[in-house]
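If you want the building blocks of each chain, they are given just below.
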Amino acid sequence: MTVGVWILGDQLWEQQAALQSCDQQENLPVIFIESIQHIQTRPYHQQKLVLLWSAMRHFAEELRQKKYAVSYEIAEDFATPLQAWVQANQITELRVMTPSDRPFLKIIQNLQIPCKISLIPNNHFLWTTEQFNSWAKNRQRLLMEDFYREGRRRWQILMAEDKPVGGQWNLDKENRQPPKGKLHTPPTQWFEPDKITLDVIAKVKSLSVPTFGEVEPFRWGVTSQQALQVLDWFIQYRLADFGPYQDAMITGEETMWHAMISPYLNLGLLHPLEVIKAAETAYQQQQLPLNSVEGFIRQVLGWREYMRGVYHYVDAEYPHKNWFNHTQPLPEFFWTGKTKMNCLQQIFSQLQRTGYAHHIQRLMVLSNFALIAGISPQEVENWFHATFIDGYDWVMQTNVIGMGLFADGGMLASKPYGASANYINKMSDYCKNCTYSHKERIGNNACPFNFFYWNFLDRHREKLQKQGRMSFILKNLDKMSTEELQSIRTQAQDWHDNC
Ligand code: SF4
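Thresholds, definitions, all that
- Residues numbered from 1 in each chain as written.
- Predicted model: local features only at pLDDT ≥ 70, side-chain atom pairs only at ≥ 80, totals over all residues.
- Domains from an automatic or database assignment.
- Contact = placed C-beta atoms within 7 Å.
- Helix = DSSP H or I, 4+ residues; strand = E, 2+ residues; numbered from the N terminus.
- Nonpolar A, V, L, I, M, F, W, Y, C, P; charged D, E, K, R; others polar.
- Buried ≥ 20, exposed ≤ 12 C-beta atoms within 10 Å, placed from the backbone.
- Near = placed C-beta within 6 Å.
- Pairing = 2+ DSSP bridges.
- Axes fitted to C-alpha atoms, helices over the stretch in contact; angles between N-to-C directions.
- Right-handed = clockwise from strand over helix to strand, strands pointing away.
- Core = buried A, V, L, I, M, F, W, Y, C linked by C-beta atoms within 7 Å.
- Arc of directions from axis to C-beta.

A. Main features of the domain arrangement of the chain. By domain assignment, the chain separates into domain 1 (3-120), domain 2 (129-313) and domain 3 (324-498). Using C-alpha coordinates to define each centre, domain 1 is positioned 39 Å away from domain 3. With 12 residues of domain 1 in contact, the opposing surface of domain 3 contributes 9 residues. Contributions of two or more residues to the side of domain 1 that touches domain 3 are made by α2 (46-65) and α4 (102-109). Here the side of domain 1 that touches domain 3 gets 3 residues from one element, more than from any other, and that element is α2. Residue composition of the side of domain 1 that touches domain 3, grouped by class: 4 nonpolar, 3 polar and 5 charged.

Structure follows, in structure tokens:
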């Protein structure tokens, strides 16, 4: 019997389950495949393709040096090189670590290859899907906060016996400071591309398939060693101040105090437990502020694990959910970046250059706009998946359909994250240099976030009334005159008609 391992692009870790399931690593046949067909599902960001393929090529090289029998194929599809490789190596069992993305699992299940295929349970998250499902079943609501506390207990993170260190589980209230005065943000840990990455950049430049964004300058890390450097950099220079300003947005400040590790976590170049432990150790040894450390750990031990758990827990219909029945097409400017709305324009421009935007830019500007403007959740999810450097099916379905757009009717989020220009003006400096006025609701200068916000509340009043946390906001809608409300409806409709 000969076992071979197919390593997928987001499983670039030697301790990954399929490799670990094999008794002997020396001369173990392993295969990597770059498929052109696969990247045509949507117009991916060019830097995402470079990151993925360069990281795959680097990891393949690392395994070659450790005496694995590595095949690296560049092909149209996955099946053709797999069939040839299975035959050439007389492989009788192909092992693959279960992919995180459901569509990819289907690809594997539909493969026609002349050997047995074994799926080995994915070990790239702290919670297994079985553990999550047994936590979730019989619960009326899947509250992230409950899940996060359970994670803290299970892995004994920031715990003093059975109590949270510092007495509180969640210090989020200390982490919402608006940007005020001159903030001295630390530099970002970037890298110069090496020969392998330059080859991939040349390949991406020569592609004749639709893509998004700019390929250069490409500055992401592509190995686990570089990913660890980014983690160390974050712990050393950013983590202490990460908390207070994590929701703030400033023109020209692309990364602020954010960790910049999500692309590496999602490729397998970092493991979530090593990230969490590194932050906890820094708290213990360097006395870093608890609000920053707890806020960061909640992102990894809480949100990230929760999103993945929910993704596998929900039924296959989840990606099609559309609770508000929003059907407006995604405006062209999401792809071109050409809009007079300064907040969106700044973020689109940053996204095109880097493939990155931080969580509040994603949630409270991009998703918020799509939510209140009534854009189709499926088109928005597809756009996020294509354009973000760390976007995959498992992370975008729940984040966009559930969290950002409330299209699952509140299974995941406690309220719809809709907001007017007031929020953006408070948490950023974008409004200062905008064509529109953040104070106006109607008229030529009115900020679209304003008339869309009130129009959204008005259109969905009945549904929103049933959401406990919305009743206070709806009271403000009731104070609005019929004439003003009618003008808001007309302006929102005109905007769509002329978009
Ligand atoms: Fe964005 Fe409106 Fe502020 Fe302009 S005024 S930056 S469109 S929120």
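There's plenty left to go through after this.
B. Just the environment of P416, in detail. Secondary-structure assignment places P416 in the loop between α16 (393-404) and α17 (421-427). A tally of 28 C-beta atoms within 10 Å means that P416 is categorised as buried. The spatial distance from the C-alpha of P416 to the C-alpha of E61 is 46 Å, given a sequence separation of 355 residues.

C. Main features of the site of the ligand. Lining the immediate surroundings of the ligand are 13 residues, of which M341, C343, C431, C434 and C447 lie closest. At 3 residues, the largest contribution of residues to the shell around the ligand is made by α17. Along the lines of polarity and charge, the residues of the shell around the ligand split into 10 nonpolar, 3 polar and no charged.

D. Layout of the sheet that holds strand β2 (residues 29-35). Strand order in the open sheet made by the 5 strands is β3-β2-β1-β4-β5, with parallel pairing throughout. Each edge of the open sheet is held by one strand with a lone partner, namely β3 (69-75) and β5 (116-120). Geometrically, the sheet is characterised by an average inter-axis angle of 25° between neighbouring strands, direction not taken into account. Relative to β3, β2 is paired through 7 bridges, and the arrangement is parallel. Its bridge partner lying in β3, P29 is registered against A69. Of the strands in this sheet, β1 (3-6), β2, β3 and β4 (93-97) touch helix α3 (residues 79-88), which is tilted by about 150° from β3.

E. Examining the environment of W335 more closely. Following the sequence through the fold, W335 ends up in helix α12 (residues 333-336). Given 17 C-beta atoms within a 10 Å radius, W335 is considered partly exposed. Separated by 52 residues in the primary sequence, W335 and T387 have C-alpha atoms spaced 8.8 Å apart.

F. Quick look at the pairing of β4. Of all 5 residues that make up β4, 4 are buried, and the element is covered over most of its length. The sheet contact formed by β1 and β4 spans 3 bridges and is parallel. Bridging from a neighbouring strand, V3 pairs with E93 of β4. Looking at chain direction, β4 and β5 are connected through 5 bridges and run parallel. Bridge pairing in β5 links E93 to K116. At this point the chain moves from β4, through α4, to the parallel β5, and the crossover so formed is right-handed.

G. Representation of the nonpolar core within the structure. Counting 144 residues, the largest nonpolar core has A55, L239, I261, A279, I297 and I424 as the members making the most contacts within it. The greatest single-element share of this core, amounting to 10 residues, is contributed by α2. Apart from the residues within four sequence positions on either side, I297 is in contact with I157, L158, I276, A279 and E280.

H. Fine view of unusual backbone geometry. Of the consecutive residues E216 and P217, the connecting peptide bond is found in the cis state with omega at 0°. Structurally, P217 can be placed in the loop between α7 (195-205) and α8 (224-242). With phi around 50°, Q90 is a residue other than glycine that occupies positive phi space. For Q90, the location among the structural elements is in the loop between α3 and β4.

I. Examining α3 more closely. Listing the buried residues of α3 in full gives P81, L82, W85 and V86. The arc that holds the buried residues of α3, viewed along the axis, is 130°, so those residues lie on one side. Among the exposed residues of α3, those pointing more than 90 degrees away from its buried face are Q87 and A88. Buried residues belonging to α3 abut β1, β2, β3 and β4. Q90 lies just past α3 and shows a positive phi near 50°.

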